[in-house]
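Architecture at a glance
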Amino acid sequence: MNATESSDATITGHLLDRLHSLGVTHLFGVAGDYNLRMLDEVLAHPGVQWVGTAGELGAAYAADGYARVRGFAALVTTHGVGELSAINGVAGSYAEHVPLLHIAVGPPRSKERDGAVAHHTLGDGDYEHFARAFRQVVCADAVVRPEDGPDEIDRVITTCLRESRPGYLRLPQDVALANAPSPSGALHRPDRHAVDQHSLTAFVDAATRRIEAADTVSVLADCLVDRFDGRAELSGLLSAGSLPHAVVVSGKGVVDESAPHYVGLYAGACSDGAVRSAIDDADLLIRAGVRLADTTSGGFTHGYDPDRGISVDPTTASVDGVVFPNVGLPAALAALARLVEGRPTSAASTTTAPHLHRSSSGDNPLSQAYLWQAVGAAVRPDHTVIADQGTPLFGISPRRLPTGARFLAQPVWGSIGYSLPALLGAQLADHSRRGLLLIGDGAAQLTIQELGTLGRLRLTPVIVLVNNDGYTVERALHSPGAAYNDIAPWRWPDLPAALGVPEPLVLTARTEAELDHSLTTAAEVTDRLIFIEARTERDDAPLLLSRFAEIAKRQARKVQ
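Residues numbered from 1 in each chain as written. Predicted model: local features only at pLDDT ≥ 70, side-chain atom pairs only at ≥ 80, totals over all residues. Heavy atoms only, no water.

Some words on the overall build of the protein chain
Secondary structure summary: the protein chain contains 22 helices and 19 strands in total. Its C-alpha atoms give the protein chain a radius of gyration of 24 Å, within 12% of the compact-globule value 24 Å for 560 residues. Reported as C-alpha extents along the three principal axes, the dimensions of the protein chain are approximately 70 × 65 × 50 Å. For the protein chain, buried positions account for 58% of its 560 residues. Within the protein chain, residue pairs in contact and separated by at least 24 positions form 76% of the contacts whose partners lie at least 6 positions apart. Working note: accessible area of the protein chain is about 21,500 Å², and carbon and sulfur atoms make up 51% of it. Side-chain charges of the protein chain comprise 47 positive and 65 negative groups, with the mean position of each set lying 2 Å from the other. (Helix = DSSP H or I, 4+ residues; strand = E, 2+ residues; numbered from the N terminus. Rg over C-alpha atoms; globule rule 2.2 N^0.38 Å. Buried < 20%, exposed > 50% of the residue type's maximum accessible area, 1.4 Å probe, protein only. Contact = heavy atoms within 4.5 Å. Areas by Shrake-Rupley, 256 points an atom, 1.4 Å probe, with all protein chains shown as cover. Lys, Arg positive; Asp, Glu negative; His and termini not counted. Charge placed at Lys NZ, Arg CZ, Asp CG, Glu CD.)

This is the structure we're talking about:
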């Protein structure tokens, strides 16, 4: 029984105890009159700290970043206006398979029964509008009532953990404070390693024949390996067979990128030649948790056949299109490791050389190419790198991370501004790491207010803001001179102090030498938030973005 768990605990107390049992020690959100009394219980709870954010969208993004590090997270909003502000962030967690819980506290049941025109409603007496909206972007939901509240809370949380996706609770104000029935014991966590032994045996037989017939075997990995607890088993597979392997951008960080057989980032026709050859030309490609998306496959220009080879997914495995159900991802990867053990290394295992960076001593204007070489070289094993959609993601993703570094991005949902609040969540989830945020000026204008939350909590990340005068990604894709790609020119160096960051160290880099100096200073000064404004030309783009844009423009012309 947890610290506050007793036979007369409230619904809120039960909920907080369940969150705490999952390692959730921070609860994100925005206070509103419907949730204030519930938040009194949050403040009194010995194991959960309230983190008030500047907005509900920031709370959702922060919970996403927290969940990627801790394994679960939660946010609290008020009914209607608050929860709808957060729904974009929750939808992103659904698309990216991130498990978290959104708790929306609303008017008491008496107003529901009367159909009262309460504030933060649509004024029509229907209190289910927003719960129905959330059912599109969560894997489980419930309207909590006192009689079965603990069971419903446990059901929703367990489903989130099993499916690695968000859940939603609508909690009337009076129910949040109601006494809960006695707890029914510890929360049951889904067993990700449970398998159907008959199906696993059949998969192993088919995989054995396929591996024995292949001269070359390569592996492509994606984020579902991490979301479904298969990272250790994937590492075992790669080392057992000395297999050449790559990741798509959404899976960056799931493998050790300093390993001898890591070949690099795979992005279909946007890939470097050696990477594309290792993946597309392999006799057998093992796909570990891979989801093909336009943004991760170079606009679906992958050169391998998705119906061929071995595919390992969260709850199924397949060999040349034959599906074996109820074979969990960790078990399938562990079985494949045994099959490839001792396999001789082939010529296809030759890796590409890691990118090198040479510091500049001159006053050359800062370019995107130099920027990402320098930033990539500055990443340390204890960094959590968070890259926003746009030039930061395209620029940093081909760079090799050192062993131990963590990487967060949102390439499938792709909501700009995600990364700054996600940095907040990731930093609180693991204080032993230093955040390294990479964000463009256009994206930052959407969520910059959460910089004040970082400052209020005295967090000390390094923020590299790329000031390239607007939406460079959109300029690369279409009409570079169009007015809709312009943004207001902010005075970025003034913002950290204006938003309440205590004693920020603000640096501006317009040249290669200034960037090198800024990154060196950031590594040396660890007791303050570092804000580096990196200024590049508006039409300058990373190589990966240029490749992707050319493909996207060709494809767009075909459908016109």
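So, next bit.
Looking at the packing of aromatic side chains
For the structure shown, the criterion picks out seven aromatic pairs. Taken together, a centroid distance of 5.5 Å and an interplanar angle of 75° make the contact between F28 and Y66 edge-to-face. Residue F28 is located in strand β1 (residues 26-29), and its partner Y66 is located in helix α3 (residues 56-70); the two are separated by 38 residues in the primary sequence. Considered together, F28 and Y66 belong to a single accessibility category, that of buried residues. With centroids separated by 5.6 Å and ring planes inclined at 45°, the aromatic side chains of F394 and F548 adopt a geometry described as tilted. With F394 in helix α15 (residues 391-396) and F548 in helix α22 (residues 543-559), this pair connects stretches of sequence that are 154 residues apart. Considered together, F394 and F548 belong to a single accessibility category, that of buried residues. Over the aromatic face of Y94 sits the side chain of R165, whose NZ or CZ is 3.9 Å from the ring centroid. (Phe/Tyr/Trp six-rings, centres within 6.5 Å; stacked < 30°, edge-to-face > 60°. Lys NZ or Arg CZ within 6 Å of the ring centre and 35° of its normal.)

Let's talk about helix α11 (residues 231-241)
Among the residues of α11, E233, L234, L237, L238 and G241 are the ones counted as buried. Taken down its axis, α11 places every buried residue within 135° of arc, on the same side. Facing away from the buried side of α11 by more than 90 degrees, the exposed set consists of A232 and S239. Downstream of α11 by a residue or two, S242 has a phi angle that is positive, lying close to 45°. (Arc of directions from axis to C-beta.)

Side note on the packing of α11 against helix α13 (residues 329-340)
Across the interface, α11 lies against α13 with an axial gap of 8 Å and an inter-helix angle of 10°. With respect to α13, the axis of α11 lies roughly parallel. From α11, E233, L234, G236, L237, A240 and G241 reach across to α13, where they touch P330, L333, A334, L336, A337 and V340. Class assignment of the residues belonging to the contact of α11 with α13 gives a composition of nine nonpolar, two polar and one charged. (Axes fitted to C-alpha atoms, helices over the stretch in contact; angles between N-to-C directions. Parallel < 35°, antiparallel > 145°, perpendicular 65-115°, else oblique. Nonpolar A, V, L, I, M, F, W, Y, C, P; charged D, E, K, R; others polar.)

A word on the sheet that holds strand β3 (residues 74-78)
Read across the open sheet, the six strands follow the order β2-β1-β3-β4-β6-β5; overall the sheet is parallel. Looking at strand neighbours, the two that pair on one side only are β2 (49-52) and β5 (140-143), the edges of this open sheet. On average, each strand axis in the sheet is tilted by 20° relative to the strand beside it, whichever way the strands run. Pairing between β1 and β2: four bridges, direction parallel. Paired with L27 across the bridge in β2 is W50. (Pairing = 2+ DSSP bridges.)

Remember, this is a structural readout, not a statement about activity or role.
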